[in-house]
Amino acid sequence: MTQPTESSATTETTDDPFLWLEDIYGERPLAWVRGENAVTEQALVTPGFEDSEQRILEVLDSTDRIPMAGKHGDFYYNFWRDAEHRQGVWRRTTWESYTAADPDWDVLLDVDALSAAEGTEWVWSGALFLRPEEGRPHRRVLVVVSPDGGDAARYREFDLGTRSFVDGGFDVPTAKSRISWAGPDALYVGTDFGPGSMTSSSYPRTVRILSRGEDLARAEPYFEVDEDHMVAMVLHDPTPGFERDLAVDTLDFYTRRSYLREDGAWRLIEVPEDASISLHREWLVVRPRSDWAVEGTTFGAGALLVIGLRTFLDGDRSFEVVFEPDSATSLQSWSWTRNHLLLNLLHDVSSEIRILDPSDGWKAELLDDCPPLHSVDAYAVDDEDDLAGDDYWLIATGFLTPSTLYRGTIGGGHSVVKASPSSFDEDLFTVEQHFAISSDGTRVPYFQIAAHGLQLDGGNPTLLSGYGGFEHSLTPAYSGVIGRGWLERTTPEGRHGVYVLANIRGGGEYGPQWHHAALHADRHRAYEDFAAIAADLVERGVTRPALLGCTGRSNGGLLVGNMLTTYPELFGAISCGVPLLDMRRYSKLSAGYSWIAEYGDPDKPEEWEYVRTFSPYHLLRDDVEYPKTLIWTATSDDRVGPVQARKMAARMKEMGIGDVWFHEALEGGHAGAADNRQAARMHALSFEFLWRALTGSL
């Protein structure tokens, strides 16, 4: 481990010679970007690269993929991209058609055609349905499209009957908005209303009631939060017999206050601010992120509690504990059917699903289709459907198991609806789970996907991937992109690439405690875990440092940025995507202020003292030999933004650090790509760089 010196970690903003690169669309910065893109593409874009890119694009454009659908009324809705529809089509079909091998899709909106007609490269961001009157079909939706793939989007009212935007209908201009239907003729709108209407995190701080035909500036104020909070939002629950408004004041990523509208005022739901809640008909569900002591009972962090909402509001706190975590098992998500509660759990990062029956004392039964080292998720099809209210979707996948979609009814079993095709030769490979021991003695799991008969002599090109933040869990999943882009590659000696997925602290694989362990001053634990896995791969003979690469995106980009600056001796190459890297200024860039709860506040001297120890931009040194590095980002990313990647690459080059490449997609948002073609280019660049850097051909 290479430790930075004190002086190298304290570069102040005023001494930053690369602040000019923070002008995202400035002429000089973009000229620099184009120049660096040309250098990188000249080095990486070869005929072999183009073949790999095309094979990855074939996976992304495959018409045999499962068209995942959401049920609304009698129809099943899907958004789809392929080679013919680069920006995609929004479409629907019936259940009978959906189950057919070749469904008959009714196209509602062609985004390619819309873009051509309006002269804007629209990127699909979703649709919000208005609940129709009883017995009537769904007719109105808000279509959400982004002009560049970023988080800022436009909301436009669309008529499903005429398949067109409503003339004079709701149309909220592009912004980082939070919007929901308030009724057939009104919206709850949180958006950029002008000065003072957005938080320091660049999200709405005010929600207003926008009536049909009303000018946005005249909308009636309804809910407001402090400027230093993260975001305000109001949701309307239209469930017959349970209609209500719920307002959420999100203070930061992990704390929030929720309010019910009662008698013309907002009533606080008195649960811990770090708890997650949901409402379903008469029930209130609470998941605390830390231990909660109430009326002589302590409910553990990561447990799931249920109580009647009216009972709770009347002062009763006699919760039913329907799930309690243990050292190996955590709750990942839950979903209500009409009459049952589905729990998606992880046990040592393998799935387990429980079905709970509130009419039978919350009796739990296991759903038994969860093979080891696989991921299986269950969620309701449509809890409002009178006939299918207790139906559920089940999605099963594994590193070497193409995804399968099932539909079932609680108490009645389930059957296959759709199955993904094979994209590579899975039979050549095997999946194993291993545990590394981190520097403080913690056992940290990781998955290894490698060819059968792997030679444990340190001679295998290996790619280690991770995230380790925001309580986000990395679970087994089939990826034809990884299969074709990495696993099927071979060295001249015939050795396949090895792929490794790390489940380090900071994630949610073992619940809130796993996340808490790497917050703020303890951030180093996530990096120690990742380094321990790298060392374990070498110790086990899977690879050696010269043949070990790592990759991460967003917070994962910060992770591998710290591998670059603090553990450079462990890796031969690093691919760092859409990353945070300048932790001195991250809270002032794009949506960075909202992540202070995760990392700490660099403007507070006592917190900068630890934040600086994991700020890669400030940890670079002249006397270190760094691994080969590719830093890539997207101009239109309005979440992390491209400037941290730009500045890191520019500084490394200015310091004379060799083998540094930079690439910036000129569109694509935080995903780094706005369509399949751009996504294929992004994946191919990263894989090509890593393979050639590790095998000595770059």
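So, here is what we can say about the structure in this document. Note that the structure is predicted; figures quoted are calculated from it, not measured. (Residues numbered from 1 in each chain as written. Predicted model: local features only at pLDDT ≥ 70, side-chain atom pairs only at ≥ 80, totals over all residues. Heavy atoms only, no water.)

**Points about the overall build of the protein**
Okay, so step 1: If you tally the helices and strands in the protein, you get 14 helices and 39 strands.
Okay, so step 2: At 25 Å, the protein has a C-alpha radius of gyration in line with the 26 Å of a compact globule built from 698 residues.
Okay, so step 3: Viewed in the frame of its principal axes, the protein has a C-alpha envelope of about 70 × 60 × 55 Å.
Okay, so step 4: The proportion of buried residues among the 698 residues of the protein is 61%.
Okay, so step 5: Within the protein, residue pairs in contact and separated by at least 24 positions form 58% of the contacts whose partners lie at least 6 positions apart.
Okay, so step 6: Surface summary for the protein: the accessible area is close to 27300 Å², and the carbon and sulfur share equals 48%.
Okay, so step 7: Here the protein contributes 62 positive and 110 negative side-chain charges, whose respective centroids are spaced 3 Å apart. (Helix = DSSP H or I, 4+ residues; strand = E, 2+ residues; numbered from the N terminus. Rg over C-alpha atoms; globule rule 2.2 N^0.38 Å. Buried < 20%, exposed > 50% of the residue type's maximum accessible area, 1.4 Å probe, protein only. Contact = heavy atoms within 4.5 Å. Areas by Shrake-Rupley, 256 points an atom, 1.4 Å probe, with all protein chains shown as cover. Lys, Arg positive; Asp, Glu negative; His and termini not counted. Charge placed at Lys NZ, Arg CZ, Asp CG, Glu CD.)

**A word on the sheet that holds strand β26 (residues 350-357)**
Okay, so step 1: In space, the four strands of this open sheet follow the order β24-β25-β26-β27, with antiparallel pairing throughout. Only two strands of the sheet have a single partner each, and these edge strands are β24 (329-336) and β27 (363-367). Geometrically, the sheet is characterised by an average inter-axis angle of 30 degrees between neighbouring strands, direction not taken into account.
Okay, so step 2: Here seven bridges tie β24 to strand β25 (residues 341-347), and the two strands are oriented antiparallel to one another. Note that in β25 the partner of S330 across the bridge is L346. (Pairing = 2+ DSSP bridges. Axes fitted to C-alpha atoms, helices over the stretch in contact; angles between N-to-C directions.)

**Notes on the environment of T99**
Okay, so step 1: Position of T99 relative to the elements: it lies in the loop between α3 (95-98) and β4 (106-110).
Okay, so step 2: Separated by 274 residues in the primary sequence, T99 and L373 have C-alpha atoms spaced 28 Å apart.
Okay, so step 3: Other than its neighbours up to four places away in sequence, T99 contacts V417 and K418.

**What about unusual backbone geometry?**
Okay, so step 1: Positive phi is not limited to glycine here, since V578 has a value of about 30 degrees.
Okay, so step 2: Relative to the elements of secondary structure, V578 occurs in the loop between β37 (573-577) and α10 (596-599).

**Re the packing of aromatic side chains**
Okay, so step 1: Inspection of every chain in the model, using the stated rule, returns 41 aromatic pairs.
Okay, so step 2: Look at Y586 and Y599: their rings are 5.5 Å apart centre to centre, the planes differ by 85 degrees, and that puts the pair in the edge-to-face class. Taken as a pair, Y586 in the loop between β37 and α10 and Y599 in helix α10 lie far apart in primary sequence, 13 residues in all. Here Y586 matches Y599 in class, with each residue buried.
Okay, so step 3: Following the ring pairs from residue to residue traces out a cluster consisting of Y77, F79, W90, W124, F129, F158 and F165.
Okay, so step 4: Over the aromatic face of W80 sits the side chain of R65, whose NZ or CZ is 3.9 Å from the ring centroid.
Okay, so step 5: Across from the ring centre of Y617, 5.5 Å away, lies the NZ or CZ of R651, which sits over that ring. (Phe/Tyr/Trp six-rings, centres within 6.5 Å; stacked < 30°, edge-to-face > 60°. Lys NZ or Arg CZ within 6 Å of the ring centre and 35° of its normal.)

**Let's talk about the nonpolar core**
When a protein is soluble and globular, its nonpolar side chains tend to lie buried together.
Okay, so step 1: If you look at the biggest cluster of nonpolar residues, it comprises 110 residues, and the most contacted ones within it are L464, F530, I533, M563, F571 and Y599.
Okay, so step 2: A per-element tally of this core places helix α14 (residues 676-695) first, with 11 residues.
Okay, so step 3: Among residues more than four places away in sequence, those in contact with I533 are A436, V444, P445, Y446, L464, V500, A502 and I504. (Core = buried A, V, L, I, M, F, W, Y, C linked by side-chain atoms within 4.5 Å.)

**What to know about the sheet that holds strand β30 (residues 401-409)**
Okay, so step 1: An order of β28-β29-β30-β31 is seen for the four strands of this open sheet, with the pairing classed as antiparallel. Pairing within the sheet leaves two strands with one partner each, and these edge strands are β28 (375-380) and β31 (413-419). Across the sheet, the mean angle from the axis of one strand to that of its neighbour is 25 degrees, orientation sign disregarded.

**Digging into the packing of helix α2 (residues 47-61) against helix α6 (residues 480-487)**
Okay, so step 1: At a closest axis distance of 9 Å, the pairing of α2 and α6 adopts a crossing angle of 170 degrees. Judged on the interaxial angle alone, α6 and α2 are roughly antiparallel. Of the residues in α6, those touching α2 at R55, I56, E58, V59 and L60 are G480, V481, R484 and G485.
Okay, so step 2: Looking at the contact of α2 with α6, its residues break down into four nonpolar, two polar and three charged. (Parallel < 35°, antiparallel > 145°, perpendicular 65-115°, else oblique. Nonpolar A, V, L, I, M, F, W, Y, C, P; charged D, E, K, R; others polar.)

**So, helix α1 (residues 27-44)**
Okay, so step 1: When the terminal C-alpha atoms of α1 are compared, their 26 Å separation across 18 residues agrees well with the 26 Å that a helix rising 1.5 Å per residue should span.
Okay, so step 2: Listing the buried residues of α1 in full gives P29, L30, W32, V33, E36, N37, T40 and L44. The arc that holds every buried residue of α1, seen down its axis, measures 150 degrees, which confines them to one face. Exposed residues lying more than 90 degrees from the buried face of α1 are E27, R28 and Q42.
Okay, so step 3: Where α1 is buried, its residues touch α2, β38 (628-634), α13 (643-654), β39 (660-665) and α14. (Expected span 1.5 Å × (residues − 1). Arc of directions from axis to C-beta.)

**Quick look at the packing of α2 against α14**
Okay, so step 1: One can describe the packing of α2 onto α14 by two numbers: an axis separation of 8 Å at closest approach and a directional angle of 135 degrees. Relative to α14, the element α2 is oriented oblique. Where α2 crosses over α14, the handedness of that crossing is right-handed. The segment α2 lies against α14, with F49, E53, I56, L57, L60 and D61 engaging N676, R677, A679, A680, R681, H683, A684, L685, F687 and E688.
Okay, so step 2: Of the residues belonging to the contact of α2 with α14, the class tally is nine nonpolar, two polar and five charged. (Left-handed = near helix turned anticlockwise from the far one by under 90°.)

**Details of the environment of S330**
Okay, so step 1: By the element assignment, S330 lies in strand β24.
Okay, so step 2: Given a relative accessible area of 1%, S330 falls into the buried group.
Okay, so step 3: Contacts of S330, omitting those with residues within four sequence positions, involve F323, N344, L345, L346, G508, E509, Y510 and G511.
Okay, so step 4: Within the structure, the side chain of S330 is placed 3.0 Å from the side chain of Q332, a separation counted as a polar contact.
Okay, so step 5: Only 3.0 Å separates the side chain of S330 from the backbone oxygen of E509, close enough to count as a polar contact. (Polar contact = N/O pair within 3.5 Å; in protein donor to acceptor, adjacent residues only side chain to side chain.)

Any link to function would need more than the numbers given here.
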